[in-house]
Amino acid sequence: RIIAGDLAPGSVLDESQLAGEFEVSRTPVREALKLLAASGLVQQKAHSRTIVAKPDRQALGGMFELMAHLEALCGFCAQRMTTAERHGLDQMHQSMAAIVSAGERPAYIRANEAFHNAIYCGSHNAYLEDVTRTTRQRLQPFRRAQFSTLGRLAKSHAEHGQVVEAILRGNREDAERHMKAHIILVEDAWNEFVGG
């Protein structure tokens, strides 16, 4: 729910309420919240409430900066993709055009995640893929929200097009540059979404 954006940053997570909702005792809820805290998705303080993490602007900027470099490296390494993987990425991108035209935000969010995952997987570097996915998961509530800004679906799709073209041409440097620029624009869209 946090990653999907159903629980906004700053939302209070009540153990008793969650236990009732999931029909379990408070113990597994408490353990789950500890795991979420370890991942950075929630903030816990002793003898205080647990809240969905709401990093300050500087911390969030640092996370986006790292994400831009990780995704750029995935784009650079995506030249390792097989012919079938490249074709699949191109097909995925083409199918997203209809989603953009229909303005189907939830469908685009799902397709966008699959698109990025295909590039991570295409790096053929399991460790890079894992670190990038983990960082993406931490940023997911903020990445998803930016799709609420006017025209962002179309802009995102156009940015993806530049990445796909570079990968299909076998141009590592352009793929790296376009992936990094894409994430910087995602951060800009998030800042626009939150008003500044």
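Use the structure listed above.
If you're wondering where the values come from, they're calculated on a predicted model, not measured in any experiment.

> Any chance you could explain the packing of helix α4 (residues 83-102) against helix α7 (residues 152-169) here in plain terms?
To describe two helices that pack against each other, one gives the angle between their axes and the distance between the axes. Following both chains from N to C, one finds α4 and α7 inclined at 160 degrees, their axes separated by 10 Å at the closest point. With respect to α7, the element α4 is oriented roughly antiparallel. The hand of the α4/α7 crossing is left-handed. Taking contact as the criterion, the partners of R86, L89, D90, H93, M96, A97 and V100 in α4 are, on α7, L153, A154, H157, H160, G161, V164, I167 and L168.

> I would appreciate a short explanation of α4 in the present structure.
An α-helical segment advances 3.6 residues per turn. Residues three or four places apart therefore align on the same side. With 20 residues, α4 extends 30 Å between its outermost C-alpha atoms, agreeing within 8% with the 28 Å of an ideal straight helix rising 1.5 Å per residue. For α4, every residue scored as buried is listed here: R86, L89, D90, H93, M96, I99 and V100. Summarising the axial view, the buried residues of α4 lie within an arc of 165 degrees, below the 170-degree limit, and thus occupy one face. Turned more than 90 degrees from where α4 packs its buried face, T83, A84, A98 and S101 sit exposed. Here the buried face of α4 lies against α5 (105-122) and α7. Remark: G103 follows α4 within two positions and exhibits a positive phi of approximately 65 degrees.

About the cut-offs
- Residues numbered from 1 in each chain as written.
- Predicted model: local features only at pLDDT ≥ 70, side-chain atom pairs only at ≥ 80, totals over all residues.
- Heavy atoms only, no water.
- Axes fitted to C-alpha atoms, helices over the stretch in contact; angles between N-to-C directions.
- Helix = DSSP H or I, 4+ residues; strand = E, 2+ residues; numbered from the N terminus.
- Parallel < 35°, antiparallel > 145°, perpendicular 65-115°, else oblique.
- Left-handed = near helix turned anticlockwise from the far one by under 90°.
- Contact = heavy atoms within 4.5 Å.
- Expected span 1.5 Å × (residues − 1).
- Buried < 20%, exposed > 50% of the residue type's maximum accessible area, 1.4 Å probe, protein only.
- Arc of directions from axis to C-beta.

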